[in-house]
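Given next are the chains, with one letter for each unit.
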Amino acid sequence: QVQLVESGGRLVQAGGSLRLSCAASGRTFSSYAMGWFRQAPGKEREFVAGINWTGSNKNYADSVKCRFTISRDNAEKTVYLQMNSLKPEDTAVYYCAAFTSGNYSNWAYDYDYWGQGTQVSVSS
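Every value quoted in this text rests on a predicted model; they were computed, and no experiment measured them. All chains use their own residue numbering, which begins from 1 and follows the written sequence. Per-residue local features are limited, in this predicted model, to residues with pLDDT of at least 70; the limit for side-chain atom pairs, both in listing and counting, is 80 or more; totals at the level of whole chains, interfaces and linings are taken over all residues. Based on all heavy atoms of the structure, the side-chain values leave hydrogens and waters out of the count.

So, the side chain of Thr 78
Right, on to step 1. Runs of H or I in DSSP of at least four residues are treated as helices and runs of E of at least two as strands, each being numbered from the N terminus. Inspection of the secondary structure assignment puts Thr 78 in strand β8 (residues 78-83).
Right, on to step 2. Assessed through its relative accessible area of 9%, Thr 78 is described here as buried.
Right, on to step 3. A polar atom in the side chain of Thr 78 sits 2.9 Å from the backbone oxygen of Glu 76. Here the term buried applies to any residue with accessible area under 20% of the maximum for its type, exposed to any over 50%, and partly exposed to those in between, with areas from a 1.4 Å probe on protein chains only. Polar contacts, as used here, are pairs of N or O atoms within 3.5 Å; protein pairs need one atom able to donate a hydrogen and one able to accept it. Residues neighboring in sequence count only if both atoms are side-chain atoms.

Have a look at this one:
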């Protein structure tokens, strides 16, 4: 079992930056791929970024590429999402998720464990 707790979401002005954190419990965190997803009101949950178990492979949605960076610290059992140049359209609840495969997936249904989410709001 893995429990995930996100933090770091808040209201920020357009152009600003935030770093989200996702703290995991459980001994097997370091063998899991991790992903960040987001869901805006009235929209489906969408993939934001994924990272494999070692941190050597990463993938991003086109909408956040070159602005967001995913990273992980397996010793601290934490995955991060650094978000720069934020836009109002980035406003959403952000979720981290764990995939028991070592390789990340872009598909939410592949992920086995989910956090409760953290709200990111970007004002124009």
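Focus: the sheet that holds strand β3 (residues 18-24)
Right, on to step 1. Two strands qualify as a pair provided DSSP detects at least 2 bridges between them. Taking strand neighbours across the sheet as the criterion, the four strands line up as β1-β3-β8-β7 in an open arrangement whose pairing is antiparallel. Only two strands of the sheet have a single neighbouring strand rather than two, namely β1 (4-7) and β7 (68-73). This sheet shows a mean twist of 15° between the axes of neighbouring strands, independent of strand direction. Between the N-to-C directions of two axes lies an angle of 0 to 180 degrees, each axis being a line fitted to C-alpha atoms and, for a helix, fitted only over the stretch in contact.

Overview of unusual backbone geometry
Right, on to step 1. Phi angles above zero are rare outside glycine, and Cys 66 is one such case at about 75°.
Right, on to step 2. Residue placement: Cys 66 occurs in the loop between β6 (58-60) and β7.
Right, on to step 3. Here Cys 66 falls in the exposed class, since its relative accessible area comes to 83%.
Right, on to step 4. A positive phi angle is found at Lys 77, which is not glycine, with a value near 55°.
Right, on to step 5. Topologically, Lys 77 is positioned in the loop between β7 and β8.

A word on the side chain of Ser 105
Right, on to step 1. Take Ser 105: it is sitting in the loop between β9 (92-99) and β10 (113-114).
Right, on to step 2. At 2.5 Å, the side chain of Ser 105 and the side chain of Asp 110 are in polar contact.
Right, on to step 3. Contacts between residues were defined by any pair of non-hydrogen atoms, one from each residue, lying within 4.5 Å. Non-local contacts of Ser 105, meaning those with residues more than four positions away in its chain, are made with Phe 37, Phe 47, Phe 99, Asp 110 and Tyr 111.

Some points on the pattern of salt bridges
Opposite charge on two side chains allows them to pair when their charged atoms are near.
Right, on to step 1. Any Lys or Arg side-chain nitrogen located within 4 Å of an Asp or Glu carboxyl oxygen qualifies as a salt bridge. Tallying each qualifying case throughout the model produces four salt bridges.
Right, on to step 2. As a salt-bridge pair, Glu 46 and Arg 38 come within 2.6 Å of each other at their nearest N and O atoms.
Right, on to step 3. For Glu 46, a relative accessible area of 35% gives the class partly exposed.
Right, on to step 4. When the shortest N-O distance is used, the salt bridge between Arg 67 and Asp 90 registers 2.8 Å. Residue Arg 67 is located in the loop between β6 and β7, and its partner Asp 90 is located in the loop between β8 and β9; the two are separated by 23 residues in the primary sequence. For the pair Arg 67 and Asp 90, one class covers both residues: buried.
Right, on to step 5. The network of salt bridges with shared partners includes Arg 38, Glu 46, Arg 67 and Asp 90.

A look at the packing of aromatic side chains
Right, on to step 1. Note on ring pairs: Phe, Tyr and Trp rings are taken, using the six-membered ring of Trp, and paired if centres are within 6.5 Å. Classes follow the plane angle, with under 30 degrees stacked, over 60 edge-to-face and the rest tilted. A full pass over the atoms with the stated rule returns eight aromatic pairs.
Right, on to step 2. Taken together, a centroid distance of 5.1 Å and an interplanar angle of 80° make the contact between Phe 37 and Tyr 111 edge-to-face. One end of the pair, Phe 37, is in strand β4 (residues 33-39); the other, Tyr 111, is in the loop between β9 and β10, with 74 residues separating them in the sequence.
Right, on to step 3. According to the relative accessible area criterion, Phe 37 is buried, its value standing at 1%.
Right, on to step 4. Relative accessible area serves as the criterion here: at 6%, Tyr 111 is assigned to the buried category.

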